[in-house]
Amino acid sequence: MKILKEQIHIKDLAHFENNYFKDMIKCVADVKQNIIALDASMHSDLERFLLEEGCENKNLWGFNLYFDGDNIEDIIEYNSLINIRPYQNNNSMEIKDEKIKNDILKVVKNWII
């Protein structure tokens, strides 16, 4: 697991230490603090990692980045068990709120070029 501290190129996503999946990497973004944690077998591990770093659960959203694209919009999937949050009006694994998706996309584009 890693919290990005510097920008990385989109093509470098496939070369992380653990690389649990051959076609994608799991990520969690803190949309308030502009942080991304990645490279774990489960989104919940990344969520816990960010909580231990002082992030708040209400700001953490899970997503996947696939390795087969040249721009973020083509490789991002807003789907994770940690996204099931009825108290935040998200009743499914997929993020339904376009504002939250846009917030995540801004964070991702800040770190992944």
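**Student:** How should helix α1 (residues 43–52) be read in this particular structure?
**Tutor:** Spacing of three or four residues puts side chains on the same side of an α-helix, whose turn is 3.6 residues. Every buried residue of α1 is accounted for by H43, L46, E47, F49 and L50. For α1, the angular spread of buried residues about the axis comes to 160 degrees, placing them on one side. Tucked inside the fold, the buried residues of α1 contact β1 (2–3), β2 (24–30), β3 (35–38) and β4 (60–66). Of the residues trailing α1, G54 is marked for its positive phi of about 100 degrees.

**Student:** Would you take a moment to explain the packing of aromatic side chains for this structure?
**Tutor:** Here the distance between the centres and the angle between the planes together describe a pair of aromatic rings. What the rule picks out here adds up to zero aromatic pairs. The lysine or arginine in question, R85, covers the ring of W61, its NZ or CZ lying 4.1 Å from the ring centre.

**Student:** Explanation requested: the nonpolar core in the structure shown.
**Tutor:** Proteins that are soluble and globular tend to have nonpolar side chains buried together. The biggest cluster of nonpolar side chains holds 25 residues, and the ones touching the most others in it are L13, I36, L65, I104 and I112. At the level of secondary structure, the elements contributing two or more residues to this core comprise β2, β3, β4, α2 (72–75) and α3 (98–111). Tallying contributions element by element places α3 first for this core, with six residues. What I36 contacts, discounting residues up to four positions off in sequence, is K2, I3, L4, C27, V28, A29, V107, V108 and W111. I35, A40, F49 and L50 belong to the second-largest nonpolar core, a separate cluster that totals 11 residues.

About the criteria used
- Within each chain, residue numbers correspond to sequence positions counted from 1 in written order.
- Reporting in this predicted model follows two pLDDT cut-offs: at least 70 for local features of residues, and 80 or more for side-chain atom pairs to be given and counted; totals over whole chains, interfaces and linings ignore these cut-offs and use all residues.
- Processing note: side-chain calculations cover all non-hydrogen atoms of the structure and skip hydrogens and water entirely.
- Categorising residues by exposure relies on relative accessible area from a 1.4 Å probe, with only protein chains included: less than 20% of the type maximum marks a residue as buried, more than 50% marks it as exposed, and the intermediate range marks it as partly exposed.
- Every helix listed is a DSSP run of H or I at least four residues long, and every strand listed is a run of E at least two residues long, numbered separately from the N terminus.
- Arc definition: directions from the helix axis to the C-beta atoms.
- It only takes one pair of heavy atoms within 4.5 Å for two residues to be counted as in contact.
- Centre distance within 6.5 Å is the pairing criterion for rings of Phe, Tyr and Trp, where only the six-membered ring of Trp is used; planes under 30 degrees apart are then read as stacked, over 60 as edge-to-face, and the remainder as tilted.
- Remark: a charge is flagged as sitting over a ring if the NZ atom of Lys or the CZ atom of Arg is within 6 Å of the ring centre and within 35 degrees of the ring normal.
- What makes a nonpolar core is a set of buried Ala, Val, Leu, Ile, Met, Phe, Trp, Tyr and Cys residues whose side-chain atoms join them at distances within 4.5 Å.

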